[in-house]
Amino acid sequence: MEDFPHPLTVEGRWPSASTKTLTAKLQIYFQSRRKSQGGDCVVRFPEQSSAATVHFRSARARDQVLAKGDHSVTIEDQVVKLKVFKPGDEGDQTEDADGARTLSVRVDNVPADAVTDEDLLELCFEKWGGPVEAISSVPAEQAAIITFQSPDAVQRVLDRTDLKILGVSVSVHPNFGHDESQSEPPTEELRKDSLRNPPQSSAVVLENLPDDLSREVLVLLIENISGVSDEEFFLELIRGSNVAVVTFNDPNVAEKFLTESRSSKKFQRYGLLSRALEKSRSVKVKNIPAQVSADLLELYFEKWAGAVEKVTTIPEKQSAIVTFRSQAAVKRIVDRTDLKILKVSISVHPYFGPEESQSELPTEEPPKDPPQSSAVVLEKLPDGLSREVLVLLTENISGVSEEAFFLELIRELNVAVVTFNNHKVAVKFLMESKSSKKFQQYGLMGRSLEKSRSVKVENVPGQTSPDLLELYFEKWGGEVETITMIPAEQVAIVTFQNEEGIKRILEKDHHIGRTSINIYPYFKSLGTALYGKDRPTWMLPKPFTEKIHPTVREFLHRKGLISSICKQMNSLFCQVNMDKAEVQLSPLPTLLKQKGITKKHIDDWRQNATDGFREVLSNYAVFEYAVISSVWSTVETDVRSVVKDKAFININNGVLTLAGMKQDINLLKPILKNLLKRASDQMERDQKSVVESLEMSPAMAFLLLQEGLQQNAAAKYPELKVMYKNDTNQLTLCGLSVEIVDIKNWILERRLSLKQKIPKMDPSLLEFLRSVDCEEMSGDLFTSKGISAVYSIENGDVVLIGSSDRSLTEAEERLQTALTSSTLSLEDLNVLEKLEWRSLNDQLCDTYNLARKKTVIIKPSKHNDTLIVTGYQQPVLEVSRSLEKFINMHSRIDEVIRVKSYAVVKFINEKKSPVWKKLVKPDEVTVHFDPKRPLIRLSGERVHVQPAMENFQKIADALRTDRLTIKKAGAKKYFQEQGSMFLMMMKERRFVVVLEESPDSTMKEEHAIQKQSSKISPVVTFSSFSEKEKFYSVTSYLMSNSPEASRPFRSQHEDFVMVGEEFEPAVFQLCAENQQDLNEARELINSFIVKKQMSSSIRDSAINSFTREDAEMLSNLQRELTVSIQLNKNGPEPVITVEGLTRDVIKAQIAIRDMIPKVGKSEARKREAFLMSSLVEWQYLDRTNNLVPFDIYTNYDLEEAFGKKQPRIKIKVNNEELEFDLTGRVAYSRTRRIELKRVDRKDFFPDQLSVALPSHWRKMKDGEFVARVQLHQGSWEYMDVETEFRKTGLANQILKIERVQNSSLWRNYMIQKKHFEEKNKHKNNEKRLFHGTGPQNIDKIDHRGFNRSYAGMHGAMYGNGGYFAVDPSYSARGYSRPDQQGQKRMYLARVLVGDHTRGRAGLISPPAKSSTATDVYDSVTDNQQNPSMFVIFHDVQAYPEYLITFQ
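(A) Structural context of the pairing of strand β33 (residues 574–577). With burial as the criterion, only one face of β33 is covered, namely that bearing Cys 574 and Val 576; the residues Gln 575 and Asn 577 on the opposite face remain uncovered. Two elements, β33 and strand β34 (residues 583–587), share four bridges in a ladder whose sense is antiparallel. Counted as the bridge partner of Gln 575 is Ser 586 from β34.

(B) Fine view of the sheet that holds strand β15 (residues 273–276). Read across the sheet, four strands follow the order β13-β14-β12-β15 without closing on themselves; strand pairing throughout is antiparallel. Of all strands in the sheet, those with a lone pairing partner are β13 (233–238) and β15, marking the two edges. Between one strand and the next, the sheet's axes are offset by a mean angle of 20°, whatever the strand orientation. Relative to strand β14 (residues 243–248), strand β12 (residues 203–207) is paired through four bridges, and the arrangement is antiparallel. Among the inter-strand pairings, Leu 206 is bridged to a residue of β14, identified as Ala 244.

(C) Focus on the pattern of salt bridges. Under the counting rule described, the total for this entry stands at 50 salt bridges. One salt bridge connects Arg 106 with Glu 141, and the closest N-O pair in it is separated by 2.7 Å. Taken together, the residues span a long stretch of sequence, with Arg 106 in strand β6 (residues 104–108) and Glu 141 in the loop between β7 (132–138) and β8 (143–148) at a distance of 35 residues. For Arg 106, a relative accessible area of 8% puts it in the buried group. When the shortest N-O distance is used, the salt bridge between Lys 1204 and Glu 1200 registers 3.9 Å. Each member of the salt-bridge network shares a partner with another, and the members are Arg 1268, Lys 1296, Glu 1298, Asp 1339 and Asp 1342.

(D) Up close: helix α16 (residues 466–476). Of all the residues in α16, the buried ones are Leu 469, Tyr 472 and Phe 473. When α16 is viewed along its axis, its buried side chains cluster within an angular range of 90° and face the same direction. Exposed side chains of α16 directed beyond 90 degrees from the buried face belong to Asp 467, Leu 471 and Lys 475. Packing partners of the buried residues in α16 comprise β26 (454–458), β27 (480–486), β28 (491–496), α17 (500–506), β29 (510–512) and β30 (515–523). One or two residues past the end of α16 sits Gly 478, with phi positive at roughly 140°.

(E) Structural detail: the environment of Ile 1136. With respect to the helices and strands, Ile 1136 occurs in strand β57 (residues 1135–1140). Setting aside residues no more than four positions away along its own chain, Ile 1136 makes contact with Ser 1096, Ser 1097, Ile 1098, Ile 1103, Phe 1106, Leu 1114, Ile 1125, Gln 1126, Leu 1127 and Ile 1152.

(F) Layout of the nonpolar core. Counting 25 residues, the largest nonpolar core has Leu 556, Ile 565, Met 569, Val 576, Met 578 and Phe 613 as the members making the most contacts within it. Taken together, the elements giving at least two residues each to this core come down to α18 (550–559), α19 (562–570), β33, β34 and α21 (605–617). If sequence neighbours within four positions are ignored, Ile 565 has contacts with Leu 556, Met 578, Phe 613, Val 616 and Tyr 620.

(G) Structural detail: the confidence of the model for the protein. On average, residues of the protein carry a pLDDT of 81, and 88% of them reach 70 or more. Low pLDDT (under 50) marks residues 178–200, which in the prediction has 43 contacts with non-local residues, meaning those over four places away or in another chain. Below pLDDT 50 for its whole length, residues 1001–1061 participates in 141 contacts with residues either more than four positions away or in separate chains.

The rules we used
Residues numbered from 1 in each chain as written. Predicted model: local features only at pLDDT ≥ 70, side-chain atom pairs only at ≥ 80, totals over all residues. Heavy atoms only, no water. Buried < 20%, exposed > 50% of the residue type's maximum accessible area, 1.4 Å probe, protein only. Helix = DSSP H or I, 4+ residues; strand = E, 2+ residues; numbered from the N terminus. Pairing = 2+ DSSP bridges. Axes fitted to C-alpha atoms, helices over the stretch in contact; angles between N-to-C directions. Salt bridge = Lys/Arg side-chain N within 4 Å of Asp/Glu carboxyl O. Arc of directions from axis to C-beta. Contact = heavy atoms within 4.5 Å. Core = buried A, V, L, I, M, F, W, Y, C linked by side-chain atoms within 4.5 Å. pLDDT = per-residue confidence, 0-100.

In structure tokens form, the structure reads like this:
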């Protein structure tokens, strides 16, 4: 225990608790400084021991615990008293009969003047015993309880037998009160003893009570110190005296509280003081009748209680304080309940007032400083204390009558001098006054008056010198020490060298010359002489009045300065009253209280007051000015704005009066004179002034003002008024005629020199400028930048007006740089209906537009498909960003998620619905599963749709898919007929099976090309003509430059090419979450379909001559019978193979064999017609006056009739029967007459086969007319195409570039190019342009070129033709549709644009160049100056040179 070297032994009557519990309780108790006065310690409690040892870290903590003495702790609801001592001191403790120690002693027979003097008691017992902890006095029993800090001190006091206090022997005994019992409760004997010696009372007074200490806090503090609850005491707060009285039920608790409170830190922190409340000898009597005197009260209470010491009446409260000579009298009177005076019931209560404080009795020791004379000075004399009261008080204290002393009042000094006849009485008076309550109540202080060696000589003749006085008084009194002359008062102060001189002087009358002089004793401590009965009395001078200007008086009153003047005059003992027109000046009573006051002070008062008052008034001044009422009404506002609160203004009888501080009036006077003079001059000017108005636009007026109209007019004619009224558009000039003429000339010169211009600007900017104030905007845009220009709105246009051409140029440039507009696309028009949109719109308008300055406007376009933001550049930029962000986030969009197959769609919808329904809220996103295609559509706001897309994509990506293709004819039909049973069986399986629907014709064609190119040719051509013959026929058609060329008359005998699959396989889409489930689905499908198939072949050379009609019959057979019909020409003769179900194959065989004999006859006619078309061409004139050729069969029939010289023939063309007049070259229909022409084609294109193919083309095989050749990356051709592709910043990845080689298309294109050069007389006819398309159109374009018949499928804004873009980004963005792998395609084409013009919607051919109908443009565009696209109306004008595949 080296860290805790200071032990204490603790004993007690321990309850039956564990040693651990006892140790813990003691540890908490002795650790607490508040409970035990201890500190950091360790408790050791051996198991078999009845005592514990507490080891403290510091000796100070241990000694504080010992000093406290009384210790107790609560263990298991039992209070255990603790005995604490140092180890080894067990036998030295002061014990009672039961062995208990005590730290207190009771002291009896204490003198009355010492029993309440705790300081005296503490000093005595500290001297005899040691340090005292607390003292509790019991004045009623002349006893005190002394508590020491250690038992040793008690023992030392008890061992002494010679204890005396103030010479009186006292007895000392050990005290065993409630708080001092250390081991067990006090014995019955001690209880009786304590009852015989109770404390003063059960009440304790708490003094110095803080204002903010609440009753609740005080109750808790009392409970903590006393150890009892608030039921054991009553607390009464006396806030007016900062006192509280605590009345305990048990006197012992009151005594304990007094003792404990002195060591309580909390009690000391609040600055509280405690004392026992004395037993009162006074009562307070209430409800006393008004006519009852103090004598009657004294007699009444002496009758019912006992001897009365004093009665103090309080008439205003009908109450009195009665003090008895004993406490028993108080008890007797309080116990009575039938007290009445003059038949009026009165109430009596114990009183504890200031009169009850127990003062020490005066000792018989004489004062240290005996009086120097028989005169006593009474200082601090209250003003209201009368001479009579003072005489009675002197009589009571001195014990002698008024005849034994003389009282002289010196009011001006608040002093009285009492001169006693007997010196001893003066000494007694001084002693008794110090203990007189009444003397102290008046606040008086007494001291002896020194013996004087000076006299005051009055009425000294004016010519008397100090030497004469010195000689005179040395003669009659003795040696003079000093003489002080006061000539103004005819007074001298003569000081002798001893007191005897005064006595001799005062014993006789004195004259200097013939003048009688008065001599009085003079006291330097008083500063005045004592006159005795001859002391002069002074009367206050009479009040008088002084004149004051009424405006000044009103100014002083309004400014509250009268009180300040009164304070200034108080120094002159003058009271000022300004309630009336004249000021009344009255003397203050303090005038007579001046030290050393004389008659001169009284006589000079009026003059001093007058001079002082006039000096005060000299700080104020008045300004008066004659003014007529009309001038005053004009200038009043200006005058008051100048004067403000510096002066008081009064206008009366044509006179303006100002009153105020002198310096303010002096400053205001010239200003006001100038104002009034100018007003008079202005009135005179107004009578001569004229008014003229000039019609002028606001913009013109604003510009003239900017040019200095106002400044120029003000410089020349300050009084001329120039005003512009916007409501009337008039410039008004008000002034003298000569002034107006001059200014009008100036305006005319400026107007003639101004320039105007209507700038070109965006309509949205024009609307913005219309919506704002022209003047303010002109000032902000132009004037603030030093540009001398304005703008106005005239007839809806912005008109710039400037002082010079340069100003107009700068103004126009400023409009272009400062203002801008931004157009935002609205993909969802409903965005504008949202409350959030309106709130954002209002917020932005409030933020960027002020009340007087608009910086931005937000308006939708006419069709509400765009939003236009117009205004200043920076606000427009910031507002556009905010709006664009909102539109993007809140626009409703329809997004499509493309999955691998429709089976995935069905699987997610049916098998994964619990998953996606948790991720997508139905009120935010609408989910639509396409019933046929592999698409999932999500509709909603973009902010919700985008995360939903990601979630669906994650689900789809996690699935496994497959396609099962059964290439057997009839398999699909069989599944369609019998598949419902199979689907029912698979419903509970973990996979989904979907039978693919038949794709469109284009998809079939592509699928056939991709899947069967290596086995069976996908193109079945029924024709017997050579390629050369076909070229001639196509060329004749292409050379037509008529818009009707795309729709010539055709007959049903034209050659036909069939492209398609030989049969439609059954294709199943499979979807599952793992490969095992996919394999299971495959096995189930294969096992379900019955594979009963039959195959049959038909061989015949006539098959090569099948026509379009025959091919359609074969196609119908495939569809109707669900069989596969395939053509194979690899052998010596063509073979048609039919596969499918047995019954269907047999039916197909019979039908095909019936078709073969009919083909020969049709083929012969076709060859003849085709040959004829290459020699002769019959044409007709269409509605646009262009010649258009007939089809080859109609051409053949016409030429055959012409050869046979038939004049007329009827032929059905396009299901319409026409009658041809071959002689007149005319045909007739039901509605119109058609001109005919016969053309001999032998010499039409003699060199058409001489067109050479490009040298860099790959050599093509015989019979090969179309090929695609992939370019090597890095070759010049590849790099050239790539440069064109990326010239506008397109960053997509190029997968491959292929050259398209089509000899027929190339030759026709080059022939048309040469034709354009000859027709247009220049060679600038060709451009390299881009054309985006989908994957299904690639083979069509490669073989047959671009087809303008598709115009309108994706927009035909500039005409119904073929569209080509200058910018590849345009084609890539909108028209290059991706395939299932996400790959896109685009052609870089050669296009003959020739002479072009701007197109328009609805064009089917280029417009005419002039009035001549045949002179037409070659193509049209979107913008003549800066075209971004071209439209051609003849397919031969474009060649698909390169195919670019990218992603």
